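Inside the fold
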Amino acid sequence: MSISRESLWPLEEYARRRQEFRAEVMAHKKRRTVAVGDHVTLIFEDELTVRYQIQEMLRIERTFEERGILDELDAYNPLIPDGHNLKATMMIEYADEAVRKVELTRLLGVQDRVYVQVGQHPRVFAIADEDLDRQNETKTSSVHFLRFELTPEMIAGLRGDHGQRAPSLAIGIEHPNYTYRVDAVAPETLAALARDLA
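A brief report on the enclosed structure follows. This one's a predicted model, so the numbers in the text were calculated from it and none came from an experiment. Counting of residues starts from 1 at the beginning of each chain's written sequence and follows it residue by residue. Only residues with pLDDT of at least 70 get local features here, since the model is predicted, and only at 80 or more are side-chain atom pairs given and counted; chain-wide, interface and lining totals rely on the full set of residues. Note that water and hydrogens are dropped before the side-chain values are worked out from all heavy atoms of the structure.

Looking now at the overall build of the protein chain. Strands are runs of DSSP state E lasting at least 2 residues, helices are runs of H or I lasting at least 4, and numbering of each runs from the N terminus. The number of helices and strands found in the protein chain is six helices and nine strands. Its C-alpha atoms give the protein chain a radius of gyration of 18 Å, near enough to 16 Å, the size a compact globule of 198 residues would have. For the protein chain, the spread of C-alpha atoms along the three principal axes comes to 50 × 50 × 25 Å. Note on exposure labels: buried denotes an accessible area under 20% of the residue type's maximum, exposed denotes more than 50%, and partly exposed covers the range between, all computed with a 1.4 Å probe on protein chains only. When burial is assessed residue by residue, the protein chain has 46% of its 198 residues classed as buried. Contacts between residues were defined by any pair of non-hydrogen atoms, one from each residue, lying within 4.5 Å. Of all intrachain contacts in the protein chain linking residues separated by at least 6 positions in sequence, the fraction that spans at least 24 positions is 68%. In this setup the radius of gyration rests on C-alpha atoms only. A globule is expected at 2.2 Å times the number of residues raised to 0.38.

So, in structure tokens, the structure goes:
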């Protein structure tokens, strides 16, 4: 699934619809957000969250020229899951700037150590930052984009197909300086993510 140029609202129409649309998207995002410990949050993206991001970028940058709009679509459409994966924005959050600077150094490579686990299937570690590298030799970024590729069996398990046992999804991070596991995401999050899968 991808967002087409024709389906976007022009700036004036978006301005009229923005308040109501924003409220809808915030409620939607809440069901798709998982805190992994105290300092990492994953927001699982889908067509609606990405559409909102594109409309917001066009609004902020006052973009109405065709080339600029197409550039935003090219940048954000890859964040939409395509039926056999989950995609998420990962945010590393420390309120204190000095602490954040130290922790981003300690957490070098953490984006590659995030995993999802469907039921008893093996863990699936993230493929991170396919568009551009978001870390250097000394520190990682506070924002990363992750893709989790699932097998057909994992997809069936997550959706509860064919009378399989009740679906469950764990999410964790296995890094020397940050280890945390959510053994089972909330039912509303599980249901939302299952809808991303073909």
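Now that the structure has been shown, the text picks up again.
Its location among the elements puts L79 in the loop between α3 (66-76) and β3 (85-92). Note on L79: relative accessible area 16%, which makes it buried. Look past the residues within four positions of L79 in its chain and what remains in contact with it is E45, V50, K87 and F145.

Points on a 1 Å grid over protein atoms alone make up a cavity when a 1.4 Å probe fits among them but cannot get out, and a pocket when they form an open set with protein on both sides within 12 Å along at least five of seven lines; lining residues each have an atom within 4 Å of a point. Grid points are joined across faces, edges and corners, and a volume is the space filled by probe spheres set on the points. Put simply, the largest pocket is a space of about 290 Å³. Along the walls of the largest pocket sit 17 residues, with A75, P78, L79, D131 and F145 positioned nearest its centre. Counting residues per element, the ones that place at least two in the lining of the largest pocket are α3, β3 and β7 (143-149). Three classes are used: nonpolar for Ala, Val, Leu, Ile, Met, Phe, Trp, Tyr, Cys and Pro, charged for Asp, Glu, Lys and Arg, and polar for all others, with Gly counted as polar. When grouped by side-chain class, the residues that make up the lining of the largest pocket number eight nonpolar, one polar and eight charged.

Before going further, it helps to spend a moment on the environment of W9. With respect to the secondary-structure elements, W9 resides in the segment before α1 (11-30). In this structure, the C-alpha to C-alpha distance between W9 and Q55, residues 46 residues apart in sequence, is 7.5 Å.

Moving on, we come to the sheet that holds β3. When DSSP finds at least two bridges between two strands, those strands are taken to pair. Strand order across the open sheet formed by five strands is β1-β2-β3-β7-β6, with antiparallel pairing between neighbours. Every interior strand has two partners, whereas the edge strands, β1 (33-35) and β6 (127-128), have only one. Where β3 lies against β7, seven bridges are found, and the strand directions are antiparallel. For K87, the partnering residue across the bridge sits in β7 and is R147.

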